[in-house]
Amino acid sequence: MANVPENLHYSKDHEWVRVEGDTAVIGITDHAQDQLGDVVYVELPKAGDEFAANDSFGSVESVKAVSEIFTPVTGSVTSVNESLADEPEKVNKDPYGEGWMIKIRMSKAGEVDSLLTAAEYEDFTKAESE
Amino acid sequence: MLGQIGLGSAADLFQSIPEDLRLRGRLNTPAALSEIELLATFESMARQNTAARRSSFLGAGAYSHYIPTVVDHILSRSEFFTAYTPYQPEISQGTLQVIFEFQTLVCQMTGMEVANASMYDGSTALAEAVLMAERVTRRSKIISSSAVHPEYLEVVQTYVQHAGIHLQQSLYCTDTGTTLTESLAALDDQTAAVIVQSPNFFGCLEDVASLSDAAHRVGALLIVAITEPISLGLLKSPGACGADIVVAEGQSFGVPLSFGGPYVGLFATREKYARQMPGRLVGEAYDKQGRRGFVLTLATREQHIRREKATSNICTNEGLIALAATVYLETMGRRGLQEVATQCAQKAAYAAKRIGGLEGFSLPFSAPRFNEFVVRAPINARHLLSMLAKDRGITGGLALSRYFKDRPNDFLVCVTETNTRKEIDAFVEALRSITAS
Amino acid sequence: MKSEITKITTHISHNEALIFERSQTGRVGYRLPPLDVPEKPINEIIPVEFQREDDLEGVPEVSEVDVIRHFIRMSTWNYSIDLGMYPLGSCTMKYNSRLNERVARIAGFANLHPLAVEEESQGAFQVIYELQESLAEITGLPGISLQPAAGAHGEMTGIMIIRAFIDARDGKEASARRRTMLIPDSAHGTNPASAHLSGFTVKTIRSTPEGLTDLDHLRELCAHGEVAGLMLTNPNTLGLFERNIRAICGIVHEAGGLVYMDGANMNALVGVARPGDMGVDVIHLNLHKTFSTPHGGGGPGCGPCCCTKELEPFLPVPRIVRTRSISDGVNAAGENATEFKLDFDRPESIGRVKAFHGNYGMMLRALAYILTHGYDGLREATEAAVLNARYITHGLVADYEKPFDAPPMHEVVFTDKRQSRKGVHTLDIAKRLIDYGFHPPTIYFPLIVQGAMLIEPTESVGHQELDQFIEAMRSIAREVVEDPELILNAPHTTRIGRLDEAAAARRPVLRWKPKETDTEPLAVASG
């Protein structure tokens, strides 16, 4: 049973967002990492890169698959989790904590409101697997 | 068996093919031959290849080197040549470990940090290097020395024609026969890479370090191509000169001429670019008991996973030829590779001196060389080489007019450890006597 | 009839280390004749600044015996066709004839330089010419280039030809609006990768529940007007013949596009049906599949590109042409005028795709294969290949889920649906099959089938071995119920067990390094 913390926002592409003031911390969900398998590499952007909502900002690779990751919000990257270069397995072990990927300073107000709540995300993943 | 699965005749097997698409008659190909007849047929065709049977000074991208007996012997092991791509590592450790050794040897010879499991040949390896440079730098201009093998440049041109990459050539210096940094006038911050071959098509040694500096100053990569990698037994490696990607033709490492193929492309680069490399990669891995093995890795770069976003469409490469190269390099070893290279250089120097001393002959390029050099004859080179072949049974080299229409009297001579002094002297004497008359 | 033959499970060779770990300073494996020309100081030939400074450090020093033992030991760790059936779907692992190997080693071919003048390489060109003729007859497509070195290379060539044709037919501007290549969801990964190389974007066509191309979806996609072509495999990667192939070609042609066929599955068609008759415009062949040239652990291959007369002008240059027939006799000068020539005068060609002539050694082998079989043998091989696949289908259908009803051609796909209910998946079944002495089939391809096992026995398997394979698979199906742990931890009888591929990919070690230096695995950062 995948873990879906209450206090986060979720996208239909299986990313989560934690809001800290005007910054969005973004990563992939427990469901996503479980589907991917052992993560071997994460391709991330640089601080300063700008993205619009739903742009791809990088990719996650397992041994046999690669998935693009999309930002649910618009803004510019303030920091990137460099430790994932040496320890990509953090995405599997702690997807909502140490497996965080990027922080974006949000430039458009209210975008997080159109994301899914924990309950909505749980329903969404259940429906997807049927 | 047909009965067991409920079918009446062989034709029933093809029910799902519409009747009007099924061939009614037989294929209009030859009737079956027995072993004896087959061998006779091929031997008869082989006999017509008169060029295969005699003393040769022809290089230009494919080289006559001595192949130790063990190479073909090992290649002929069932387990190597009838095996498939090592997708199931537990039963392919032979192939995988060989490739790992191959990758290591390619790194050692080229002075680079990571190498792949092979490309088709030197020419396509160069084309892939160009595509990789575009991916890495996100720039679309490529400047190539025009002293790169002409067929290699043709292949690169084919590969880039729809990739939005613009290939420009910089002229080589007609005195030295090399690519001067000054000639790279078009080098700017839109340049993805500079391509240079060393020894180049004319056999001349390029100043790779200077070209590397020039490229790096504008943030471009330096791609070095090598058609005669035996030179690496003696010459400073491209890695030590600052190359970012090195591609080479591995045919000189234990692979027969075989009218142009199968050969093997070597491809090596810096660690930081490894994820942008095309081709297969073998890496070290361990099982639950901690036993070391090898496995295809970083597969997410490749076509079967990334599909249209793959670093290349390559699938089947040149596994068995890479094995041949590995056996050759390990048999010759550290000392043998240095000795072969030295003999090539010494014999070529001897031949160049003697030919250059002949009445009416000269060596147009002044740069140092390894085992190939351009000779200017007092008469048309094609004609001269034709007489040499018909009257003296010697293949004297390549008439440059095949690729360079403005060089009718020039021909490219290659000398290797397989050319004896006697052969070289006979060659020189033949040149002298043919042109004396 | 149950066989008594069982696999030898104890491995006989030692745990052979890397050659670098065997190296001993001073050992040599070669001897060259002494230098016979006057020796000059090397610095006078090659200026010091061009010379190597590392003394080739790290390159091994071993004796000939070391080399032989090293490679022979490693060879015993490999499965190979010579050992037994290799049922890899889409790979056509048929017998690699020893006679073909002998032909390839004939000195008049093996020692011939690719740039030797035409007059002195007529026999070599004749081989190319005759192979071209045979392949044209087999495919029903007259334009042949043998230059591409592998299937993917031939694909790239074929797609570039399509692009060139459309550029010439419609003009650059109109052609720029036709940049879509349609590819089925069941396609091999090289297909979209090759399309991309020619500047096309890919749109995926769905398959029907029957496993065939969805004609309605095809019509829908073609209606947009930007379709340059369709790439398809026939029989497709599920082993099913696309019986609507004529209609498919018609739809694409009507929309102004061309049809490319991936010829990987030709082993089901040789002597029985021809792509040229189906309306296909261009196809590539895999000589290392259908025409028996050896796989060599990952190549070499040879991927001829075959096309219609309309597309012929665009084929790679040079072409090998016949200028006269040998029966024309000698000319006035008393010489036999050159019969086979290189023709560079092809202004519409897409260019050269490889230096020299292509993987010539594989052409020799493929021609020998065609001549050894003869027109009867070629057809019989196809019949046997399909029969063997049907036989296996018949034998496995009781224990494994077969997702498509249509009778398969030369290969058949099953899934792990029944077994996965007990927690055993395709990967596990594949690993357990190794313990039974077989190489596993192709797994997890095509992507549209969950847990796919694609089985292709080829014609090079007898009744007895097919029964052994079927029995092994049935036994595994029983083990799933009785002792699933046995399968989940398989293989048990190999030198090493399942490798930790995730760890290998996280911290890649892609070469050996000497002990004195830092042996930290390469930190492979982003490019």
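Rules behind the numbers
Residues numbered from 1 in each chain as written. Chains lettered and ligands numbered in written order. Predicted model: local features only at pLDDT ≥ 70, side-chain atom pairs only at ≥ 80, totals over all residues. Helix = DSSP H or I, 4+ residues; strand = E, 2+ residues; numbered from the N terminus. Rg over C-alpha atoms; globule rule 2.2 N^0.38 Å. Buried ≥ 20, exposed ≤ 12 C-beta atoms within 10 Å, placed from the backbone. Contact = placed C-beta atoms within 7 Å. Nonpolar A, V, L, I, M, F, W, Y, C, P; charged D, E, K, R; others polar. Pairing = 2+ DSSP bridges. Axes fitted to C-alpha atoms, helices over the stretch in contact; angles between N-to-C directions. Domains from an automatic or database assignment. Expected span 1.5 Å × (residues − 1). Arc of directions from axis to C-beta. Right-handed = clockwise from strand over helix to strand, strands pointing away.

A. Quick look at the overall build of chain C. Secondary structure assignment for chain C yields 18 helices and 12 strands. The globule rule puts the C-alpha radius of gyration for 527 residues at 24 Å, and the 26 Å found for chain C is close to it. By principal-axis analysis of the C-alpha atoms, chain C measures approximately 80 × 65 × 50 Å. Across the 527 residues of chain C, 57% fall into the buried class.

B. Geometry of the overall build of chain A. Secondary structure assignment for chain A yields 3 helices and 9 strands. Helices and strands appear in chain A in the N-to-C order β-β-β-α-β-β-β-β-β-α-β-α. Taken over the C-alpha trace, chain A has a radius of gyration of 14 Å; the compact-globule value for 130 residues is 14 Å, and the two agree within 12%. Along the longest, intermediate and shortest principal axes, the C-alpha atoms of chain A span 35 × 35 × 20 Å. Considering chain A as a whole, with its 130 residues, one finds that 39% of them fall into the buried category. Here the contacts in chain A between residues at least 6 apart in sequence split such that 65% fall between residues at least 24 apart.

C. Spatial organisation of the interface of chain A and chain C. Between chain A and chain C, the residue contacts involve 8 residues of the former and 6 residues of the latter. Taken together, the residues of the side of chain A that touches chain C sort by class into 5 nonpolar, no polar and 3 charged.

D. Representation of the interface of chain C and chain B within the structure. Contact with chain C, which involves 163 residues of that partner, is made by 158 residues of chain B. The element best represented in the side of chain C that touches chain B is helix α13 (residues 360-396) of chain C, accounting for 19 residues. Taken together, the residues that form the side of chain C that touches chain B break down as 90 nonpolar, 48 polar and 25 charged.

E. Broad picture of the sheet that holds strand β3 (residues 201-205) of chain C. All names here are of chain C. The 7 strands are arranged β1-β7-β6-β5-β4-β2-β3 in an open sheet whose pairing can be described as mixed. Bordering the open sheet on either side are β1 (143-145) and β3, each of which pairs with just one other strand. Each adjacent strand pair in this sheet contributes to an overall mean axis angle of 20°, direction not counted. Relative to strand β6 (residues 282-284), strand β5 (residues 258-262) runs parallel, the two being bridged by 3 bridges. Residue pairing for β6: Y260 is matched across the bridge by V282.

F. How the structure looks around the domain arrangement of chain C. Residue and element names in this part refer to chain C. Partitioning chain C into domains gives domain 1 (103-110 + 117-369) and domain 2 (382-503). Computed over C-alpha atoms only, the centres of domain 1 and domain 2 are separated by 32 Å. Contacts between domain 1 and domain 2 engage 18 residues on the former and 15 residues on the latter. Among the residues making up the side of domain 1 that touches domain 2, the classes are represented as 8 nonpolar, 8 polar and 2 charged.

G. Region of the structure containing helix α1 (residues 35-47) of chain B. End to end, α1(B) covers 18 Å across 13 residues, agreeing with the expected 18 Å (1.5 Å per residue, within 8%). Among the residues of α1(B), B:F42, B:M45 and B:A46 are the ones counted as buried. Looking straight down α1(B), one finds its buried side chains confined to an arc of 105°; they lie on one side. For α1(B), exposure combined with an orientation more than 90 degrees from the buried face picks out B:I36, B:A40 and B:S44. Close packing links the buried residues of α1(B) with α4 (98-104), α5 (107-110), α6 (122-139) and α13 of chain C.

H. Highlighting the pairing of strand β4 (residues 191-197) of chain B. Residues and elements named next belong to chain B. With respect to burial, β4 is a largely interior element, 7 of its 7 residues being buried. Two strands pair when backbone bridges link them, and strand β2 (residues 141-145) and β4 are joined in this way by 4 bridges, in the parallel orientation. The residue bridging I143 from the neighbouring strand is V194, located in β4. As defined by bridge partners, β4 adjoins strand β5 (residues 221-226) across 5 bridges and the pair is classed as parallel. Looking across to β5, one finds that A193 is bridged to L221. In this fold, β4 hands off to helix α7 (residues 208-217), which returns the chain to β5; that crossover is right-handed.

I. Quick look at the sheet that holds strand β7 (residues 66-70) of chain A. Residues and elements named next belong to chain A. Pairing in this open sheet of 3 strands is antiparallel, and the strands run β4-β6-β7 from one edge to the other. The sheet terminates laterally at β4 (39-43) and β7, the two strands that pair on one side only. Strand-to-strand, the axes of this sheet are offset by a mean angle of 25°, without reference to chain direction. Pairing analysis gives 4 bridges linking β4 to strand β6 (residues 56-62), with the strands arranged antiparallel.

J. Region of interest: the environment of B:R306. Here B:R306 shows up in helix α8 (residues 303-306). Once residues lying within four places of it in the same chain are set aside, the contact partners of B:R306 are A:V66, B:T300 and B:R301.

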